[in-house]
Amino acid sequence: MFRNIKISAKITGLVLILAIITVVAISFLTYNINREAAIDKLNTNLSVVADNRAGLLNNHLEKAASTIKFLQNSETIKSSLSDTASVAPVADGGMDLMALMAPGESDTTVQSDALTDYLITLKDIYSFEQVLITDAKGLITASTDENHKKGSNLPNPDASFFELTSKDIHFSSVKKDGNKYSIFVGAPIDANLLIAKINLDGPFQFLADIHGLGNTGETFVATQDPLTKKIILLSPLRNDPGAVQKLLNPDSRLGATILTALDNKNGSGLTTDYRNKEVVAVWRKINLANWALITKIDADEVGSQGTLLTRTYVFAGLAIILMSVALSMVFARTLTQPLNTMRNTL
């Protein structure tokens with residue numbers, strides 16, 4: 001059977017078999033190495049993005065906390081509060097009550113206006129959205145906010161904000177008003193509370209930057225509600241734009257990941273996201289606000305790295321085999337042509 005096959009065909013077949021064996025062997029040895037390298041590169045990229053975003057948020061919150069701590073010791077605020085507290089109408093049985101009250105009310109108004117003017121100056125200098133001073137229960141003494149004036153009550157940003165702020169510097173939960181995000185930070189100042197409202201639109205826009213995160217990657221922050229124990233997703237979401245802050249069960253896979261980060265255990269690995277899709281994620285703790293930062297990308301997109309690599313190997317292997325066949329045919333013809341000429345001459 002093989003005697004009937006031409007020598008050129010035998011040479012071509014031999015070269016083809018050697019080329020296929022070589023391509024398969026090289027592909028088998030290098031595929032897993034290249035796939036793992038591609039996945040490691042993606043994980044490294046996720047870690048870099050997460051560390052970068054976490055650093056920005058930590059710096060933003062630390063700056064706010066440092067400013068509040070500095071203002072907490074402001075003698076101007078303390079003296080204004082002391083003067084305001086010392087002015088009180090005192091009624092005397094032998095005097096006209098209205099005559100006694102009028103000067104007191106005027107002095108209180110002057111002191112309050114001076115304090116408010118000072119708070120407006122602080123607001124402009126430190127780029128706060130609003131600055132307020134309240135008592136321990138949230139009754140406003142002075143305010144830069146037209147919607148929350150002196151004598152009214154500041155709605156409690158969360159269930160324990162006033163209580164915790166009366167003890168030390170404390171950040172509230174994130175508030176969403178339309179498309180705007182903000183947070184309150186407060187600190188005790190004598191018997192009062194100094195509270196600043198901070199706009200989070202800039203930091204959250206930075207979180208929403210998807211450069212280097214492929215088609216499905218994103219970064220968001222989350223926390224756990226101290227009362228309900230639910231997980232709250234605080235920042236805008238790439239795959240669910242415009243959504244109100246989502247609530248998750250703490251026993252979900254993503255909930256467990258967030259609790260791990262809140263427990264100050266940074267890490268990375270497989271988990272699920274708020275769509276219940278499997279993702280590769282990196283998590284970091286944002287200390288002052290007790291947030292968890294999650295940077296993640298769909299596992300399907302990570303798997304596509306292997307699919308792309310397989311396609312590359314297949315096309316490259318076919319190209320090598322076709323080139324080997326073409327070269328072997330030329331080589332076989334070059335080798336057998338003198339033999340054919342000699343046979344024909346004989």
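Everything numeric in this text was worked out from a predicted model, so none of it was measured.

Parameters and conventions
- Residues numbered from 1 in each chain as written.
- Predicted model: local features only at pLDDT ≥ 70, side-chain atom pairs only at ≥ 80, totals over all residues.
- Heavy atoms only, no water.
- Patch = residues over 30% accessible without salt bridge, like charges linked within 9 Å, V, L, I, M, F, W, Y side chains within 5 Å.
- Areas by Shrake-Rupley, 256 points an atom, 1.4 Å probe, with all protein chains shown as cover.
- Salt bridge = Lys/Arg side-chain N within 4 Å of Asp/Glu carboxyl O.
- Buried < 20%, exposed > 50% of the residue type's maximum accessible area, 1.4 Å probe, protein only.
- Helix = DSSP H or I, 4+ residues; strand = E, 2+ residues; numbered from the N terminus.
- Core = buried A, V, L, I, M, F, W, Y, C linked by side-chain atoms within 4.5 Å.
- Contact = heavy atoms within 4.5 Å.
- Phe/Tyr/Trp six-rings, centres within 6.5 Å; stacked < 30°, edge-to-face > 60°.
- Arc of directions from axis to C-beta.
- Pairing = 2+ DSSP bridges.
- Axes fitted to C-alpha atoms, helices over the stretch in contact; angles between N-to-C directions.
- pLDDT = per-residue confidence, 0-100.
- Polar contact = N/O pair within 3.5 Å; in protein donor to acceptor, adjacent residues only side chain to side chain.

1. Observations concerning a nonpolar patch on the surface
- The grouping of Val314, Phe315 and Leu318 at the surface amounts to a nonpolar patch, some 300 Å² of accessible area in total.
- Relative accessible area serves as the criterion here: at 44%, Val314 is assigned to the partly exposed category.

2. As for the environment of Asp300
- Within the element layout of this structure, Asp300 appears in helix α7 (residues 299–345).
- Take Asp300: its relative accessible area is 58%, and that puts it in the exposed class.
- Asp300 sits 22 residues away from Glu278 along the chain, and the two C-alpha atoms are 7.9 Å apart.

3. Describing the nonpolar core
- Ranked by size, the top nonpolar core spans 44 residues in total, and within it Ile77, Phe171, Leu194, Phe204, Val221, Trp291 and Leu293 carry the most contacts.
- The greatest single-element share of this core, amounting to 11 residues, is contributed by helix α1 (residues 7–72).
- Leu293 has contacts with Ala50, Arg53, Ala54, Leu57, Leu207, Thr219, Phe220, Val221, Val282, Trp283, Arg284 and Ile286, leaving out every residue within four places of it along the chain.
- If you look at the next biggest cluster of nonpolar residues, it comprises 16 residues, including Leu233, Leu248, Ala261 and Ile294.

4. Details of the packing of aromatic side chains
- Across all of its chains, the model carries six aromatic pairs by this definition.
- A centroid spacing of 5.2 Å and a plane angle of 70 degrees characterise the contact between Tyr181 and Phe204, whose relative ring orientation is edge-to-face. Here Phe204 lies in helix α5 (residues 201–207) and Tyr181 lies in strand β5 (residues 180–189), a separation of 23 residues in the sequence. In this pair, the class of Tyr181 matches that of Phe204, namely buried.
- Taking the centre distance of 6.3 Å and the plane angle of 50 degrees together, the rings of Phe204 and Trp291 count as tilted.

5. Focus: helix α6 (residues 253–262)
- Here α6 has its buried residues at Leu254, Gly255, Thr257, Ile258, Ala261 and Leu262. For α6, the buried positions fall inside an angular range of 160 degrees around the axis, keeping them on one side.
- Residues of α6 that are buried sit in contact with β7 (218–224), β8 (231–233), β9 (247–248), β10 (267–272), β11 (278–286) and β12 (291–298).
- Just downstream of α6 lies Asn264, where phi reads positive at about 65 degrees.

6. Observations regarding the pattern of salt bridges
- Using the criterion set out here, one finds 16 salt bridges in the structure.
- Among the salt bridges present, the one from Lys180 reaches Asp201, with a minimum N-O distance of 3.9 Å. One end of the pair, Lys180, is in strand β5; the other, Asp201, is in helix α5, and 21 residues separate them in sequence.
- The class for Asp201 is buried, based on a relative accessible area of 15%.
- One salt bridge in this structure joins Arg253 and Glu278, with 3.9 Å as the shortest N-O distance. A residue pair is termed long-range when its members are at least 10 positions apart, and Arg253 in helix α6 and Glu278 in strand β11 qualify at 25 residues.
- Taking relative accessible area as the criterion, Glu278 reaches 40% and is therefore assigned partly exposed.

7. Quick notes on the sheet that holds β10
- Pairing is antiparallel in the open sheet, where six strands are placed in the order β9-β8-β7-β12-β11-β10. Two strands lie at the open edges of the sheet, namely β9 and β10, each paired on one side alone.
- Sheet topology note: the β7/β8 ladder contains three bridges and is antiparallel. Bridge pairing in β8 places Gln224 opposite Ile231.
- Set on the sheet, α6 makes contact with β7, β8, β9, β10, β11 and β12; between it and β11 the angle comes to about 25 degrees.

8. As for the side chain of Ser235
- By secondary structure assignment, the location of Ser235 is in the loop between β8 and β9.
- On the basis of relative accessibility, which here comes to 5%, the residue Ser235 falls in the buried class.

9. Side note on the confidence of the model for the chain
- With 82% of its residues at a pLDDT of at least 70, the chain reaches an overall mean of 82.
- Per-element confidence in the chain ranges from a low mean pLDDT of 66 for helix α3 (residues 97–126) to a high of 95 for strand β6 (residues 192–199).

10. Structural notes on the environment of Leu293
- Among the secondary structure elements, Leu293 is positioned in strand β12.
- Assessed through its relative accessible area of 0%, Leu293 is described here as buried.
- C-alpha separation for the pair Leu293 and Leu262, spaced 31 residues apart in sequence, amounts to 9.1 Å.

11. Concerning the pairing of strand β2 (residues 140–143)
- The pairing of strand β1 (residues 130–135) with β2 spans three bridges and is classified as antiparallel. Bridging from a neighbouring strand, Thr134 pairs with Ile140 of β2.
- Counted between consecutive antiparallel strands, the loop separating β1 from β2 contains four residues, among which Gly138 sits at a positive phi close to 100 degrees.

12. Things to note about the side chain of Arg284
- Mapped onto the fold, Arg284 is located in strand β11.
- Side-chain polar atoms of Arg284 contact the side chain of Asp51, separated by 2.5 Å.
- A polar atom in the side chain of Arg284 sits 3.5 Å from the backbone oxygen of Gly267.
- Not counting residues up to four positions away in its chain, the partners in contact with Arg284 are Ser47, Ala50, Asp51, Ala54, Ala261, Asn266, Gly267, Trp291, Ala292 and Leu293.

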